[in-house]
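Below are the chains, spelled out letter by letter.
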Amino acid sequence: MPEAEAPNNDSTTLTDYNLTEKNKKCLQFIEDVTSNPDNVQRQILSEILTQNANVEYLNRHGLSGYTDRETFKKLVPVVTYEDLQNDITRIANGDKSPILSSHPISEFLTSSGTSGGERKLMPTIEDELGRRSLLYSLLMPVMNRFVPGLDKGKGMYFLFIKSEAKTPGGLVARPVLTSYYKSSHFKERPYDPYTNYTSPNETILCPDSYQSMYSQMLCGLYLNNEVLRVGAVFASGFIRAIRFLEKHWNLLSHDIRTGTLNSIITDPFVRESVMKILKPDPNLADFIELECSRKSWQGIIMRLWPNTKYVDVIVTGSMAQYIPTLDYYSNKLPLVCTMYASSECYFGVNLNPLCSPSEVAYTLIPTMAYFEFLPVHRNNGVSTTKGEKERQQLVDLADVKLGQEYELVVTTYAGLYRYRVGDILRVVGFKNKAPQFSFICRKNVALSIDSDKTDEVELHKAVENAVSHMVPFGATLTEYTSYADTTTIPGHYVIFWEVSQNGLTQVPASVFEDSCLTIEESLNSVYRQGRASDKSIGALEIKIVENGTFDKLMDYAISLGASINQYKTPRCVKFEPIIKLLNSRVVSSYISPKCPKWFPGQKQWSNVH
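Residues numbered from 1 in each chain as written. Predicted model: local features only at pLDDT ≥ 70, side-chain atom pairs only at ≥ 80, totals over all residues. Heavy atoms only, no water.

1. Remarks on the layout of surface pockets
Step number 1: Considering only enclosed or pocket space, the second largest pocket measures out at about 260 Å³ in volume.
Step number 2: Around the second largest pocket sit 16 residues that line it, and Asn350, Leu351, Asn352, Ala361 and Gln436 are the ones nearest its centre.
Step number 3: Looking at the lining of the second largest pocket, the elements with two or more residues in it are helix H1 (16-35), strand E16 (419-431) and strand E17 (434-442).
Step number 4: When residues in the lining of the second largest pocket are grouped by element, the largest group, 4 residues, is from H1.
Step number 5: Here the lining of the second largest pocket is built from residues that sort into 6 nonpolar, 6 polar and 4 charged. (1 Å grid on protein atoms, 1.4 Å probe; cavity = no way out; pocket = protein on both sides within 12 Å on 5 of 7 lines; lining within 4 Å. Points joined across faces, edges and corners; volume = space filled by probe spheres on them. Helix = DSSP H or I, 4+ residues; strand = E, 2+ residues; numbered from the N terminus. Nonpolar A, V, L, I, M, F, W, Y, C, P; charged D, E, K, R; others polar.)

2. Here's the deal with the side chain of Asp87
Step number 1: Structurally, the position occupied by Asp87 is in helix H5 (residues 81-92).
Step number 2: Residue classification places Asp87 among the buried positions, given a relative accessible area of 4%. (Buried < 20%, exposed > 50% of the residue type's maximum accessible area, 1.4 Å probe, protein only.)

3. Describing helix H13 (residues 282-292)
Step number 1: For H13, every residue scored as buried is listed here: Leu284, Ala285, Ile288, Glu291 and Cys292. Along H13, the residues classed as buried sweep out an arc of 135° about the axis, all on the same side.
Step number 2: For H13, the elements touching its buried residues are helix H10 (209-222), helix H11 (235-258) and helix H14 (300-304). (Arc of directions from axis to C-beta. Contact = heavy atoms within 4.5 Å.)

4. Remarks on empty space enclosed by the protein
Step number 1: As enumerated under the stated definition, the model contains 5 cavities of 30 Å³ or more in all.
Step number 2: Lining the second largest cavity are Ser236, Ile239, Arg240, Tyr322, Thr325, Ile449, Thr486, Thr488, Ile489, Pro490, Gly491 and Ser536.
Step number 3: In terms of residue count, the dominant contributor to the lining of the second largest cavity is H11 (3 residues).
Step number 4: Considered class by class, the residues forming the lining of the second largest cavity number 5 nonpolar, 6 polar and 1 charged.

5. Let's talk about the environment of Glu291
Step number 1: Relative to the helices and strands, Glu291 is located in helix H13.
Step number 2: Relative accessible area serves as the criterion here: at 9%, Glu291 is assigned to the buried category.
Step number 3: For the pair formed by Glu291 and Phe186, sequence separation is 105 residues and the distance between their alpha carbons is 34 Å.
Step number 4: Residues in contact with Glu291, not counting those within four places in the same chain, are Ile300, Arg303 and Leu304.
Step number 5: A polar side-chain atom of Glu291 sits 3.1 Å from a polar atom in the side chain of Arg294. (Polar contact = N/O pair within 3.5 Å; in protein donor to acceptor, adjacent residues only side chain to side chain.)

6. Description of the sheet that holds strand E20 (residues 475-485)
Step number 1: The strand order E20-E21-E22-E23 describes an open sheet built from 4 strands, whose pairing is mixed. Edge positions in the sheet fall to E20 and strand E23 (586-591), since each has one partner strand and no second. The mean angle between the axes of side-by-side strands here comes to 25°, regardless of whether they run parallel or antiparallel.
Step number 2: Both E20 and strand E21 (residues 492-501) contribute to a ladder of 10 bridges, which runs antiparallel. The partner of Thr476 across the bridge, within E21, is Ser500. (Pairing = 2+ DSSP bridges. Axes fitted to C-alpha atoms, helices over the stretch in contact; angles between N-to-C directions.)

7. Describing the sheet that holds strand E6 (residues 227-234)
Step number 1: The strand order across the open sheet formed by 4 strands is E3-E6-E7-E8, and the pairing between neighbours is parallel. In this open sheet, the two edge strands, each paired with only one partner strand, are strand E3 (154-158) and strand E8 (335-336).

8. A look at the pairing of strand E10 (residues 346-349)
Step number 1: Strand direction decides the pairing type here: strand E9 (residues 339-341) and E10, joined by 3 bridges, are antiparallel. Residue Tyr340 lies in a different strand from E10, and its bridge partner there is Gly348.
Step number 2: One ladder, built from 2 bridges, connects E10 with strand E11 (residues 362-364); its direction is antiparallel. Note on E11: the bridge partner recorded for Val349 is Thr363.

9. Focus on the state of the cysteines
What we call a disulfide is simply a covalent bond connecting the sulfur atoms of a pair of cysteines.
Step number 1: On inspection of all chains with the given rule, the structure shows 0 disulfides.
Step number 2: Of all cysteine sulfurs, the one in Cys219 lies closest to Cys206, which takes part in no disulfide; the gap is 12 Å. (Disulfide = S-S within 2.5 Å.)

10. Here's the deal with the nonpolar core
Step number 1: By size, the foremost hydrophobic cluster in this structure holds 149 residues, and its most contacted members are Phe238, Phe371, Phe373, Leu408, Trp497 and Ile519.
Step number 2: With 10 residues, H11 is the single largest residue contributor to this core.
Step number 3: Residues in contact with Leu408, not counting those within four places in the same chain, are Tyr340, Phe347, Leu364, Phe371, Glu372, Phe373, Tyr419, Arg420, Val421, Gly422, Asp423 and Leu425. (Core = buried A, V, L, I, M, F, W, Y, C linked by side-chain atoms within 4.5 Å.)

11. Some details on the confidence of the model for the protein
Step number 1: Of the residues in the protein, 90% have a pLDDT of 70 or more, and the chain-wide mean is 84.
Step number 2: In the predicted structure, residues 386-391 sits below a pLDDT of 50 and forms 7 contacts with residues beyond four places in sequence or in another chain. (pLDDT = per-residue confidence, 0-100.)

12. Concerning H5
Step number 1: Here H5 contains 12 residues, and its C-alpha end-to-end distance of 14 Å is more than 12% below the 16 Å for a straight helix at 1.5 Å per residue.
Step number 2: All buried positions along H5 are accounted for by Tyr81, Leu84, Asp87, Ile88, Ile91 and Ala92. Projected onto a plane normal to the axis of H5, the buried residues spread over an arc of 140° and lie on a single side.
Step number 3: Phi for Gly94, located one or two positions after H5, is positive at around 110°. (Expected span 1.5 Å × (residues − 1).)

13. A word on the environment of Ile161
Step number 1: Inspection of the secondary structure assignment puts Ile161 in the loop between E3 and strand E4 (165-166).
Step number 2: Exposure remark for Ile161: the relative accessible area of 12% places this residue in the buried category.
Step number 3: As for Ile161 and Tyr181, which are separated by 20 residues in sequence, their C-alpha atoms are 7.3 Å apart.
Step number 4: Leave out the neighbours within four places in its chain, and Ile161 touches Thr178, Tyr181, Lys182, Ile204, Leu205, Cys206 and Pro207.

14. Section: the pattern of salt bridges
Step number 1: If you walk through the whole model with that rule in mind, you get 31 salt bridges.
Step number 2: For the salt bridge of Glu372 with Lys73, the shortest nitrogen-to-oxygen distance reads 3.4 Å. One end of the pair, Glu372, is in strand E12 (residues 370-379); the other, Lys73, is in helix H4 (residues 69-75), and 299 residues separate them in sequence. In terms of burial, Glu372 and Lys73 fall into one category: buried. (Salt bridge = Lys/Arg side-chain N within 4 Å of Asp/Glu carboxyl O.)

Put into structure tokens, the structure is as follows:
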């Protein structure tokens, strides 16, 4: 690895001295790679292009073995997923020639973004697991500078695997975290006090989400005094765990009281791993019952896990909507976002983890990939990137400007070249010479509850499909808007409809329920998986509002300074007073009693076994 030696994670037992040394090495590595990021980036690009010199994609663009930055930028275009879809389909169908990468594609990582309603498939290679592990190894040495002593207890993290599919060519397609948890890097990790979790591996790797959640919560409660930090990947996932506890604390405390495991847990590996930990503890059971039966659950995290120092969850971007709920349950413990990563690539770390969520900034680690930045300007919150000419003038990591917003573009070892990730970042500071970015938003995302991302175009098509149900009753849709309601757990989409009923027959409730299902069936596979399989998204709700509501909404927007000539009904609202106004005019609301259909894999593979 250029410029700096990557920290070594292979110590079998870590004494205090070894741990101090390891932490020092990790922090020194960060110092080294951020002190001369441009040099590191040049070398990383050269390394990627040398390794992949003979791949079809680069030869197609005339690169012919050149590895310098200038030629690369001149010849290789900036692309989106749609530009790569043919190549990715060929690999998925079993073409093993070096199309994108000289190393064999080991699996596909399924992105939470979608193309044509299906998850995007990101090619990856075996080596990338090492790079991901490196980034993980930097997190706790950074954290330890702010909260020392975290090696003296455990982390209670709710981690889950998701379903995977096989492509027609036999490659596995699964989310990046599922890939990591199932890898030897995670399962056979050497003892490290920083990755000492209350959840045994078997409970994390259990494919049944109920059994996995139950057993992880049980172990976390049983080891409650050893817990120094709690978390999940996303804020939404952690809140789901607390809601699970609200519903099941009676069963969990019974298991702790008796030292037995509920018969609902049928997975033999889970049973065996939990029974190694669990012993009868009536006092702890009394304590849990006392706390959980109190009327208020405010501060429940501190009450049940009294030594907790912080909550480790992603609360940037669309996850910021969960901050008030987390503050309520944790009595305002620090909410820590440690790292920034995606299916395409792992990017960087937060070097000031105890900052407030609104100030989270990530330092991109320049050895992860080759990074470029497409300047962005936003009008009324809508991001627009510059024209084709400027698009070729992407800015390098070392040349970004403070305060400017950019769309992130990556070139990876696994075969993505000048790929637009779709994340909008703002430069908010520097670590040595390396910029630090705050995550602003995903490009064009209108609604999001968990890892789902629904844009306005997709929502509009789904609503159009649903409106056909009203036609036989002479009713039409006058206007609509939507918001992500996270006051329910799990959160759910709410669509406000203003309906004009021209017919003599009232539209029956069943028609609006069918409309709910049609919208859900029309949304992308990530949304439908969250609804049908992961249960991380609640049923979509249509709220019918009084006639004239959207005129009132326009009057309100104009009173706040919107131009009457340019006013357009927003398709998604986040501003609390507007949501309040809409809710005050609701005359009826509907959800579908059915769940949308979903199965693992892409639609076009449904006949392949």
